[in-house]
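Now for the letters of each chain:
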Amino acid sequence: MKPFHVQRNVIALVWGSLLLVGTDHAFGQDALDRLKPDYLQRMREARERFALQRQAVANEGSISQDSYRSVRANLHVHSELSHDSRGKIEDIVAAAKRAGTEVLMFTEHPSKEKDFYLDGNQGIRDEVLLIPGAEMKGMLVFPTLSLRPYESSEPIDLARLVRTRGGHVFLSHLEERMDWEIPGLSGVEIYNTHADFKKQKRMVEAMKNPLWLVKLGELVKEYPQEVFSALQSYPDDYLKRWDELNQIAPHCGVAANDAHQNVGVRIRLKDADSVSVEDPIGEVLLTLPKLLAAPVIKIPSDAMPGNLLFSLQLDPYECSLRHAGTHLLVKEFSREGVWDALENRRAFVAFDWLADAKGFNAWVVDASDLIGPAVHSIGSRVRWSDDLHWVAHAPLNCDWRLLRNGSVVVETKGSEFKERLIEPGIYRIEAWLTVGEEKLPWILSNPIFVQEGDDGG
Ligand SMILES: [Zn+2]
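The structure presented is a predicted model; accordingly, all values stated were derived computationally and were not measured.

Undergrad: What's the story with the overall build of the chain in this structure? I'm lost.
TA: When its secondary structure is counted, the chain shows 13 helices and 23 strands. Radius of gyration (C-alpha) of the chain: 24 Å, near the 23 Å computed for a compact globule of 457 residues. Projected onto its principal axes, the C-alpha coordinates of the chain cover approximately 85 × 55 × 40 Å. With 457 residues in all, the chain has 57% of them scored as buried. Nonlocal contacts in the chain, meaning residues at least 24 apart in sequence, comprise 71% of its contacts between residues at least 6 apart. Across the chain, the centroid of the 53 positively charged side chains sits 3 Å from that of the 67 negatively charged ones.

Structure, rendered in structure tokens:
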């Protein structure tokens, strides 16, 4: 036993108890305040209520001559092909099905052993469409060829190569690259679960204490999704940057799950006097005297060295995939259908853990069209006329916020939204749900670009 370990953990223990008791912070966006049984129960009841109240949306899918089917995708997913995940494809697909996901877009960390494109998960498996890709050079990359020969390229060159060969590229982890401007990108992450997690500084600190995690284990058993999603906040920094980038060129906004299933703790008996604390990947984080662990975890008297005494997984795939998703309006359920929806930004991001957002849709109607009202889907570029109306439908009553060039211009309530536009601009809509006294973002749509004299696709 190294004395360093003892000291570090005595400090962690004291620090942890302070955190658990001393919560005089203002209630709101802080995840640590949300990790309380009564709060989690309230969220559980709200989710059940929303599920009962959901109404089918009349216009789902067929908003114009083209009819679209809405499919739920998860982007930014890691499997055992990445060094920091042990996720097996059959488990990830099963979790996706339980979470209501129909498309999994993998983003492996490139490695020497496997080619993420050639060896990556692809095709349809148990009705879930799998698309191989990588997280590299600060981007989510979904190529149409192996990138082995280009792995040392600069981000800007890699993006150009992938895009000119018909692939998709999204800027990832914006919090680390707010000043990046890469021409020709498909889009950007407008939400990233891991970035959201990093914002929760008190929770991140608490999680360094394994004994605090053990206590959290009881709540996780009862409220796995609510505990996971307690980290959710409004991604204002991401959205601000996205609004700026859209002024330069249209960028499709997508949600990044950053799913790894690698956050948690395992405690194993090491020898007669100590236990070892491991992460879910199996890496030993530290060693604790048995005496310190005994009051919190059960150590059977006949336990042998190596026996697992406690295991907690905070980010099972099912919870992280359900938490947030990117809904795509596709012409057909295929890789080509997904490609086309991303290219034309027919997409919206939703925190489906709160309520299934399927059925949401938004469009602009041009009533000035002589042949009949023209309908433009999310993501479209529309030529300005003085008879344009923004319309949105959702499967629940919600609070609507219509934004123009990043600023809120209209706020209303209801399951339907209709507003005449008074000037050109880049418009997008948000839907929020109320739980108790808290308003939570639920849906973030891609914009419709209303421009003078512009009538692109
Ligand atoms: Zn990642």
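Undergrad: Even after reading the chapter, I still don't get the sheet that holds strand β13 (residues 308–313), so can you show me in this structure?
TA: Pairing between sheet strands relies on hydrogen bonds along the backbone, with the strands arranged either parallel or antiparallel. Pairing within the open sheet is antiparallel, and its four strands lie in the order β12-β11-β10-β13. Of all strands in the sheet, those bounded by a partner on one side alone are β12 (284–289) and β13. Each strand of the sheet is rotated relative to its neighbour by a mean of 20°, with strand direction disregarded. Bridge count between strand β10 (residues 264–271) and β13: five bridges; the pairing is antiparallel. Each residue of the ladder has a partner; that of Gly264, found in β13, is Gln313. Strands in contact with helix α8 (residues 210–222) are β10, β11 (274–278), β12 and β13; relative to β13, the strand with the most contacts, it is inclined by about 70°.

Undergrad: I tried to follow the pattern of salt bridges on my own but got confused; where do I start?
TA: Pairs may arise between side chains of opposite charge once their charged atoms sit close together. Taken as a whole and assessed by the stated rule, the structure comprises 33 salt bridges. With a closest N to O distance of 2.8 Å, Arg44 and Glu226 form a salt bridge. Residue Arg44 is found in helix α3 (residues 37–53), and its partner Glu226 is found in helix α9 (residues 224–229); the two are separated by 182 residues along the sequence. Relative accessible area serves as the criterion here: at 2%, Glu226 is assigned to the buried category. Taking the shortest distance from any N to any O, the salt bridge between Asp157 and Arg160 comes out at 3.3 Å. Of this pair, Asp157 and Arg160 are both found in helix α5 (residues 155–164), three residues apart, which corresponds to roughly one turn of the helix. For Asp157, a relative accessible area of 36% translates into the label partly exposed. Each member of the salt-bridge network shares a partner with another, and the members are Glu175, Glu176, Arg177 and Lys198.

Undergrad: What should I look at first to understand α3 in this one?
TA: What sets the pattern is the α-helix's 3.6 residues per turn: residues three or four places apart point alike. For α3, which comprises 17 residues, the first-to-last C-alpha distance of 24 Å matches the rise-based estimate of 24 Å (1.5 Å per residue) to within 8%. Burial in α3 covers these residues: Tyr39, Leu40, Met43, Ala46, Arg47 and Phe50. Projected onto a plane normal to the axis of α3, the buried residues spread over an arc of 120° and lie on a single side. Across α3 from its buried face, at more than 90 degrees, point the exposed residues Asp38 and Leu52.

Undergrad: Could you clarify how one ought to interpret the domain arrangement of the chain in this entry?
TA: How big an interface is tends to be reported as the loss of accessible area on association of its parts. Structurally, the chain comprises domain 1 (55–201 + 220–258 + 316–329), domain 2 (264–313) and domain 3 (360–451). Each partner contributes residues to the interface: domain 1 has 21 residues there, and domain 3 has 22 residues. Here domain 1 meets domain 3 over a buried area of about 1,900 Å², counting both sides, of which 61% is carbon and sulfur. Connecting domain 1 to domain 3 are one salt bridge. Between Asp243 and Arg428 there is a salt bridge whose closest N-O contact spans 2.9 Å. When residues of the side of domain 1 that touches domain 3 are traced back to their parent elements, those giving at least two are α10 (236–248) and β9 (252–259). Tallying contributions element by element places α10 first for the side of domain 1 that touches domain 3, with five residues. Counted by class, the side of domain 1 that touches domain 3 contains eleven nonpolar, nine polar and one charged residues.

Undergrad: Please clarify how the coordination of the zinc ion should be interpreted in this entry.
TA: Geometry sets the ideal angles at a metal, namely 109.5 degrees for four tetrahedral donors and 90 or 180 degrees for six octahedral donors. For the zinc ion, every protein donor is listed as His76 (NE2), His78 (NE2), Glu135 (OE) and Asp258 (OD), and the spread of their distances is 2.1 to 2.2 Å. One can describe the donor arrangement at the zinc ion as irregular, given that its four donor atoms subtend angles of 82 to 171° at the metal. Spacing between the donor residues of the zinc ion along their common chain follows H-x1-H-x56-E-x122-D. On the criterion of sequence distance, the pair formed by His78 in the loop between β1 (69–77) and α4 (89–99) and Asp258 in strand β9 is long-range, its members being 180 residues apart. We note that His78, like Asp258, is buried.

Undergrad: Any chance you could explain the layout of surface pockets here in plain terms?
TA: Any empty space left between atoms is shown by rolling a water-sized probe over those atoms. Of the volumes computed, that of the largest pocket is approximately 720 Å³. Around the largest pocket, the lining is made up of 33 residues, and of these Phe197, Met207, Asn262, Val263 and Gly264 lie nearest the centre. If you list the elements that add at least two residues to the lining of the largest pocket, you get α6 (193–199), α7 (201–207), α8, α9, β9, β10 and β12. Residues belonging to the lining of the largest pocket are distributed by class as follows: 19 nonpolar, nine polar and five charged. Taken domain by domain, the makeup of the lining of the largest pocket includes at least three residues from each of domain 1 (55–201 + 220–258 + 316–329) and domain 2 (264–313).

Undergrad: Teacher, can you tell me more about the nonpolar core here?
TA: Formed by 104 residues in total, the largest nonpolar core has its most connected members in Phe360, Trp390 and Trp442. For this core, the element with the highest residue contribution is strand β19 (residues 388–404), accounting for eight residues. Judged by nonpolar contacts, the second largest core, of 19 residues, contains Met105, Ile131, Leu140 and Val254.

The rules behind the values
- Residues numbered from 1 in each chain as written.
- Predicted model: local features only at pLDDT ≥ 70, side-chain atom pairs only at ≥ 80, totals over all residues.
- Heavy atoms only, no water.
- Helix = DSSP H or I, 4+ residues; strand = E, 2+ residues; numbered from the N terminus.
- Rg over C-alpha atoms; globule rule 2.2 N^0.38 Å.
- Buried < 20%, exposed > 50% of the residue type's maximum accessible area, 1.4 Å probe, protein only.
- Contact = heavy atoms within 4.5 Å.
- Lys, Arg positive; Asp, Glu negative; His and termini not counted.
- Charge placed at Lys NZ, Arg CZ, Asp CG, Glu CD.
- Pairing = 2+ DSSP bridges.
- Axes fitted to C-alpha atoms, helices over the stretch in contact; angles between N-to-C directions.
- Salt bridge = Lys/Arg side-chain N within 4 Å of Asp/Glu carboxyl O.
- Expected span 1.5 Å × (residues − 1).
- Arc of directions from axis to C-beta.
- Domains from an automatic or database assignment.
- Buried area = accessible area lost by both parts, 1.4 Å probe.
- Nonpolar A, V, L, I, M, F, W, Y, C, P; charged D, E, K, R; others polar.
- Donors = N, O, S within 2.8 Å, 3.2 Å for Na, K, Ca; no water.
- Tetrahedral: all angles 85-135°; square planar, octahedral: opposite > 155°, others 65-115°.
- 1 Å grid on protein atoms, 1.4 Å probe; cavity = no way out; pocket = protein on both sides within 12 Å on 5 of 7 lines; lining within 4 Å.
- Points joined across faces, edges and corners; volume = space filled by probe spheres on them.
- Core = buried A, V, L, I, M, F, W, Y, C linked by side-chain atoms within 4.5 Å.

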